[in-house]
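Notes for the structure review
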Amino acid sequence: MKVYFYLLAYPMEALLASMLPPEEFGAYMAIGIHQMSRGKIVYLELADDFHSKDFDLERGRNECKPDEFGAPKKSVYLSLYRVIERIPMEFLRTIHLVTKDGRDLAIAPQKIQPTSEHPHRGGVFFYQELAPVRPMVVSQLDPLDFGQFLTDGKNPLRLPKILYARMKLGRDPLHVLNEPDLPYGNLPHLQNCIQELVDAKKVTKTYERYSYDDFVYSAIVDGVYLAEQGQGLFYPFPDEADLKGQYYTWWRSAF
């Protein structure tokens, strides 16, 4: 039987081997018998030809054997530390957003070629960082420039690679208190962060240092981004018509 390798990005960062194909793996991680708390899962498939000297992939292959009743091995943890930065972009494939009841939305990546020469500033954007860190941040940088800023070697707080999503701020990002339907815990604090961002002309302002709340799928604006300096991937979120049509079962579960 085939052995798959998966990059788990949320709620924790890990590299796993499994005999389960993608949708079955996501359902198992979200609702199956597992040591981890059950809930939403975000993970990425890795290419069939994935190879690395940083991880013991052979152990994963050796331990992925059916049990005495022929049931497939569901998961073997290969690494829990500094995983995403050590997997080259070329091996990253489909991302899966799995709901608490195991519904799976699979999104294929698009390559993006960002530039940091003339960063776009002046807007107000809201980001949920997913891996390897998980703060929620407001920024005057658009999604591509935000990723390049965080992975820039000149940034003292740089990250080698980061996965993040752009989140909704409503019709008027400067006045989120007028948007009671936004699914965030402290709108007055978010409003203060946005005001400070604009008044002080900051590049970024942290709303939450660590996101303890669920990653709210329904608040995603356009998709999920994976940034590395000079390159990146974009996972486009389906539009509203497709969510309520083709992906209705997943969308209903996501609320």
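Computed from a predicted structure; not experimentally measured.

**What to know about the layout of surface pockets**
Looking at the largest pocket, its volume works out to about 340 Å³. Glu-129, Pro-135, Leu-150, Leu-157 and Thr-206 are the residues nearest the centre of the largest pocket, which is lined by 14 residues in total. Those elements giving two or more residues to the lining of the largest pocket turn out to be helix H3 (143-150) and strand S11 (204-208). Each residue belonging to the lining of the largest pocket can be placed in one class, and the counts come to 8 nonpolar, 3 polar and 3 charged. Of the volumes computed, that of the second largest pocket is approximately 240 Å³. Taken together, 13 residues make up the lining of the second largest pocket; nearest its centre are Lys-168, Ser-218, Glu-240, Trp-251 and Phe-255. Within the residue set of the lining of the second largest pocket, elements represented by two or more residues are strand S12 (220-228) and helix H5 (240-244). By residue number, the principal contributor to the lining of the second largest pocket is H5, which donates 3 residues. Classifying every residue of the lining of the second largest pocket by side-chain character gives 9 nonpolar, 1 polar and 3 charged.

**Examining empty space enclosed by the protein**
Evaluation of the coordinates by the stated rule reveals 1 cavity of 30 Å³ or more. One number sums up the size of the largest cavity: a volume of about 40 Å³. Together, 13 residues line the largest cavity, and Ile-112, Gln-148, Tyr-164, Leu-226 and Ala-227 are the ones closest to its centre. Among the secondary structure elements, those contributing two or more residues to the lining of the largest cavity are H3, S12 and strand S13 (231-236). Residue composition of the lining of the largest cavity, by class: 9 nonpolar, 4 polar and no charged.

**Here we look at unusual backbone geometry**
A cis amide bond links Tyr-10 to the next residue, Pro-11, at an omega of 10°. Relative to the assigned elements, Pro-11 resides in the loop between strand S1 (4-10) and strand S2 (14-18). In this model, Ala-131 is joined to Pro-132 through a cis peptide bond whose omega is 5°. Mapped onto the elements of the fold, Pro-132 is located in the loop between strand S8 (125-131) and strand S9 (136-139). Positive phi is not limited to glycine here, since Arg-82 has a value of about 50°. Relative to the helices and strands, Arg-82 is located in the loop between strand S4 (76-79) and strand S5 (92-98). Positive phi, normally seen in glycine, also occurs at Lys-201, with a value near 55°. Assignment of secondary structure puts Lys-201 in the loop between helix H4 (187-199) and S11.

**Looking at the sheet that holds strand S6 (residues 104-107)**
With respect to topology, 6 strands assemble into an open sheet ordered S4-S2-S1-S3-S5-S6, the strand pairing being antiparallel. Strands at the two margins of the open sheet, each flanked by one partner only, are S4 and S6. Taken over all neighbouring pairs, the strand axes of this sheet differ in orientation by 30° on average, direction set aside. With 5 bridges connecting them, strand S3 (residues 41-46) and S5 associate as antiparallel partners. Across the sheet, residue Leu-44 finds its bridge partner in S5, namely Ile-95. In the packing of helix H1 (residues 22-31) onto the sheet, contacts are made with S1, S2, S3, S4, S5 and S6, and the angle to S3 comes to roughly 150°.

**Re the nonpolar core**
Ranked by internal contacts, the top residues of the largest apolar core, which has 60 residues, are Ile-87, Leu-92, Leu-97, Tyr-184 and Leu-190. No other element matches H4, which puts 5 residues into this core. Discounting residues that sit within four places of it in the chain, Ile-87 has contacts with Leu-7, Leu-15, Leu-46, Phe-50, Phe-55, Leu-92 and Lys-161. Listed in part, the 14 residues of the second largest apolar core include Val-137, Leu-141, Leu-150 and Phe-234.

Scoring rules and cut-offs
Residues numbered from 1 in each chain as written. Predicted model: local features only at pLDDT ≥ 70, side-chain atom pairs only at ≥ 80, totals over all residues. Heavy atoms only, no water. 1 Å grid on protein atoms, 1.4 Å probe; cavity = no way out; pocket = protein on both sides within 12 Å on 5 of 7 lines; lining within 4 Å. Points joined across faces, edges and corners; volume = space filled by probe spheres on them. Helix = DSSP H or I, 4+ residues; strand = E, 2+ residues; numbered from the N terminus. Nonpolar A, V, L, I, M, F, W, Y, C, P; charged D, E, K, R; others polar. Pairing = 2+ DSSP bridges. Axes fitted to C-alpha atoms, helices over the stretch in contact; angles between N-to-C directions. Contact = heavy atoms within 4.5 Å. Core = buried A, V, L, I, M, F, W, Y, C linked by side-chain atoms within 4.5 Å. Buried < 20%, exposed > 50% of the residue type's maximum accessible area, 1.4 Å probe, protein only.

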